[in-house]
Amino acid sequence: MGLSVVVLAAGEGKRFRSSTPKPLHAAAGRALLWHVLAAAAGLRADSTVVVVGRGADEVRTAVAGFSLGPVAFAVQHEQKGTGDAMAAAVPLLPPEGDVLVLYGDTPLITQATLEQLLATHRTLRAGVTLLTCEAQDPTGYGRVLRGPDGQVTGVVEQRDATQAQRAIREVNAGFYVFSRPVLDGLAQLRADNDQGEYYLPDLVPFVLARGGVVAACRGSEAETRGVNDRAELADAGTVLRRRLLDGLMASGVTVVDPSTTYVDVDVEVGPDTTLEPLTILEAGTRIGARCRIGPNVRLTGCTVEEEAVVTQTVGVGAHVGPGAQVGPFAYLRPGAELAAGSKVGTYVEVKNSRVGPGSKVPHLTYVGDADIGAGVNIGAGTVFVNYDGVAKHRVTVGDGAFIGSDTMLVAPLEVGPGAQTAAGSTITKDVPPDALAIERSDQRTVEGWGARRRRRKLEAQGRAADSQQDEHGRG
């Protein structure tokens, strides 16, 4: 039996008060629409259609970057309800099979629930199957109507419901599976309701009138909640992150304080790694086994290999090798490559550079566009001067070299293996292997200068006091 997925994502999201299309607002590091498509991806549908409206081009561009399989797009030009949105998608669907209908603002739905909905539909050979749930507060939901035999007979929106119907707590979650021929009945829908819209659940009487089966599958209210404003977006993000952290802890990761640990959906963390409080791991980050991350770390698109320690650090597009140590107060910019056993310490910034195995950059240093070999020590206050105002240039430091504190390495430059620079030097010429490079002015020592300075200061203070006394006398 073939399967198509249709995601209705044309809503304006007025309550967001944003120029960003509603489905593209992010929770746990990914757009709301991404979460929905990801939940459906495991069903291996034959086709997927996303119905777009406002911001259609932005949504198309975003979906192209999701890497969740091919997606076709239908456009709902006017907001005339879910039935109208579905009608826009129908021309892109095959003539047979099942059609699963989802919403682009429901990021908490899971693959397991969708599988259960689809299985119920197919087991009962239904024309349409609704996902329903028991709502603690059904306000705003469509109420599920049942006959004396328990058969679903329809759905009534709250605006159109009687007082008795509003007391019903079984609500329509808005997820459906239709037998594809049922959708031909969309042409018969009428907008004779309070909102003047075409409602997709109004196909239920159409199915029943033709002797078809209408089924219901009970789901969780927590999974089916839509996101309609920024407060609900924050709530959804909290739920998603907690799911992710629970999954990590189940796989052997220690999360010291889940309430202050933020992990995006596609982050990977190896077993026996500890995430300290105030750790933020953003999209594309991979952490190996037996690492210690945090406290106060933010990594985006970084790879940290096994047994590394990263504390109080910001990293973007960086690679931290096995057993490396980073921080506190370090900044790893794109292209930073730290080899095994290396160290980048306090107030060190590394950009587009490689720090070789066992090399140390302990503190107060800028490393930009550099290739540092193995076993190198970079002294405090060193600056790799890589920019001449027009172009960036590289510095190479050979294995075993020693860079003295407060050294300026002016690129392009090569410091040979085993070479050393004297503290306080500005190095502008290549340094041969095993050489010592010194660039300083001769030191001049003026004996007694401090005592003379103090004496002059006291004499000046005395003259000022005498002048003030004379002023008072004349007064």
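Everything quoted here is computed from the prediction, not taken from an experiment.

1. Points about the overall build of the protein chain
Helix and strand counts for the protein chain stand at nine helices and 39 strands. Taken over C-alpha atoms, the radius of gyration comes to 33 Å for the protein chain, far larger than the 23 Å a tight globule of 475 residues would show. On the principal axes, the C-alpha backbone points of the protein chain span a range of 110 × 75 × 45 Å.

2. Here's the deal with the side chain of T132
By the element assignment, T132 lies in strand β7 (residues 128–134). Note on T132: relative accessible area 1%, which makes it buried. A polar contact of 2.9 Å, which involves the side chain of T132, links it to the side chain of E170. Not counting chain neighbours up to four residues away, the residues in contact with T132 comprise V144, E170, V171, A173, A216, C217, R218 and G219.

3. Remarks on unusual backbone geometry
In this model, G327 is joined to P328 through a cis peptide bond whose omega is 5°. Tracing the backbone shows P328 in the loop between β24 (325–326) and β25 (330–332). Cis geometry marks the peptide bond from A411 to P412, where omega comes out at 0°. Examined against the element boundaries, P412 turns out to sit in the loop between β35 (408–410) and β36 (413–415). Even without glycine at this site, R17 takes up a positive phi of about 50°. Mapping R17 onto the fold places it in the loop between β1 (3–9) and β2 (26–27). Owing to a relative accessible area of 78%, R17 belongs among the exposed residues under this scheme. Phi is positive for D434, close to 65°, though the residue is something other than glycine. Mapped onto the fold, D434 is located in the loop between β38 (426–427) and β39 (436–437).

4. A closer look at the sheet that holds strand β17 (residues 286–287)
Strand order across the open sheet formed by nine strands is β14-β17-β20-β23-β26-β28-β30-β33-β36, with parallel pairing between neighbours. Every other strand in the sheet has two partners, leaving β14 (268–269) and β36 as the edge strands with one partner each. Note: strand β33 (residues 395–397) against β36, three bridges, orientation parallel. Across the sheet, the residue bridging to T396 is E414, located in β36.

5. Re the layout of surface pockets
One number sums up the size of the largest pocket: a volume of about 1,700 Å³. Forming the boundary of the largest pocket are 44 residues, of which R15, K22, Y103, D105 and N228 lie nearest the centre. Listing elements by their share of the lining of the largest pocket, those giving two or more residues are β1, α3 (82–89), β10 (170–179) and α8 (230–250). In terms of residues, the lining of the largest pocket owes the most to one element, β10, which gives five residues. Split by residue class, the lining of the largest pocket holds 15 nonpolar, 18 polar and 11 charged.

6. Looking at a positive patch on the surface
Judged by side-chain charge, R452, R453, R454, R455, R456 and K457 come together as a positively charged surface patch. The exposure class assigned to K457 is exposed, which follows from its relative accessible area of 52%.

7. With respect to α3
The complete set of buried residues in α3 reads G83, A85, M86 and A89. Along the axis of α3, the buried positions cluster into a sector of 160°, meaning they face one direction only. Where α3 is buried, its residues touch β1, β4 (47–52), β5 (72–75) and β6 (98–103).

8. Observations concerning a nonpolar patch on the surface
Residues V314, V316 and Y331 make up a contiguous nonpolar surface patch of roughly 210 Å² in combined accessible area. Its location among the elements puts V316 in strand β22 (residues 313–316). Look at V316 and you get partly exposed, because its relative accessible area is 31%.

9. Here's the deal with the packing of aromatic side chains
The final tally for this structure, using the stated rule, is three aromatic pairs. Geometrically, the ring pair formed by Y103 and F175 is edge-to-face, given 6.3 Å between the ring centres and 85° between the ring planes. Residue Y103 is found in strand β6, and its partner F175 is found in strand β10; the two are separated by 72 residues along the sequence. Like F175, Y103 is buried. The cationic tip of K392 hangs over the ring face of Y387; the distance from NZ or CZ to the ring centre is 5.4 Å.

10. Here's the deal with the nonpolar core
Within soluble globular proteins, side chains that are nonpolar tend to cluster in buried spots. The biggest cluster of nonpolar side chains holds 49 residues, and the ones touching the most others in it are I293 and V397. Of all the secondary-structure elements, those providing two or more residues to this core are α8, β19 (297–300), β25, β27 (343–351), β29 (360–368), β30 (370–372), β33 and β36. Broken down by element, this core gets its largest block of residues, three residues, from β27. With near-sequence residues (within four places) excluded, I293 lies in contact with T273, T274, L275, E276, T279, L281, I287, L299, V304 and V310. Judged by nonpolar contacts, the second largest core, of 40 residues, contains A31, V63, L114 and A173.

11. Some remarks on the pairing of strand β16 (residues 279–282)
On a regular strand, each side chain points to the face opposite its neighbour's, so the side chains alternate between the two faces of the sheet. Pairing of strand β13 (residues 262–263) with β16, which is carried by two bridges, proceeds in the parallel orientation. Bridging from a neighbouring strand, Y262 pairs with I280 of β16. Relative to β19, β16 runs parallel, the two sharing four bridges. Directly across from I280, in β19, lies its bridge partner R298.

12. As for α8
In this model, α8 (21 residues) spans 30 Å end to end at C-alpha, consistent with the 30 Å of a helix rising 1.5 Å per residue. Burial in α8 covers these residues: L233, A236, G237, L240, R241, L245 and L248. Those residues of α8 that are buried lie in contact with β2, α1 (32–41), β12 (254–255), β13, β14 and β15 (274–275). Positioned one or two residues after α8, G252 has a phi angle of 110°, which is positive.

Basis of the calculations
- Residues numbered from 1 in each chain as written.
- Predicted model: local features only at pLDDT ≥ 70, side-chain atom pairs only at ≥ 80, totals over all residues.
- Heavy atoms only, no water.
- Helix = DSSP H or I, 4+ residues; strand = E, 2+ residues; numbered from the N terminus.
- Rg over C-alpha atoms; globule rule 2.2 N^0.38 Å.
- Buried < 20%, exposed > 50% of the residue type's maximum accessible area, 1.4 Å probe, protein only.
- Polar contact = N/O pair within 3.5 Å; in protein donor to acceptor, adjacent residues only side chain to side chain.
- Contact = heavy atoms within 4.5 Å.
- Pairing = 2+ DSSP bridges.
- 1 Å grid on protein atoms, 1.4 Å probe; cavity = no way out; pocket = protein on both sides within 12 Å on 5 of 7 lines; lining within 4 Å.
- Points joined across faces, edges and corners; volume = space filled by probe spheres on them.
- Nonpolar A, V, L, I, M, F, W, Y, C, P; charged D, E, K, R; others polar.
- Patch = residues over 30% accessible without salt bridge, like charges linked within 9 Å, V, L, I, M, F, W, Y side chains within 5 Å.
- Areas by Shrake-Rupley, 256 points an atom, 1.4 Å probe, with all protein chains shown as cover.
- Salt bridge = Lys/Arg side-chain N within 4 Å of Asp/Glu carboxyl O.
- Lys, Arg positive; Asp, Glu negative; His and termini not counted.
- Charge placed at Lys NZ, Arg CZ, Asp CG, Glu CD.
- Arc of directions from axis to C-beta.
- Phe/Tyr/Trp six-rings, centres within 6.5 Å; stacked < 30°, edge-to-face > 60°.
- Lys NZ or Arg CZ within 6 Å of the ring centre and 35° of its normal.
- Core = buried A, V, L, I, M, F, W, Y, C linked by side-chain atoms within 4.5 Å.
- Expected span 1.5 Å × (residues − 1).

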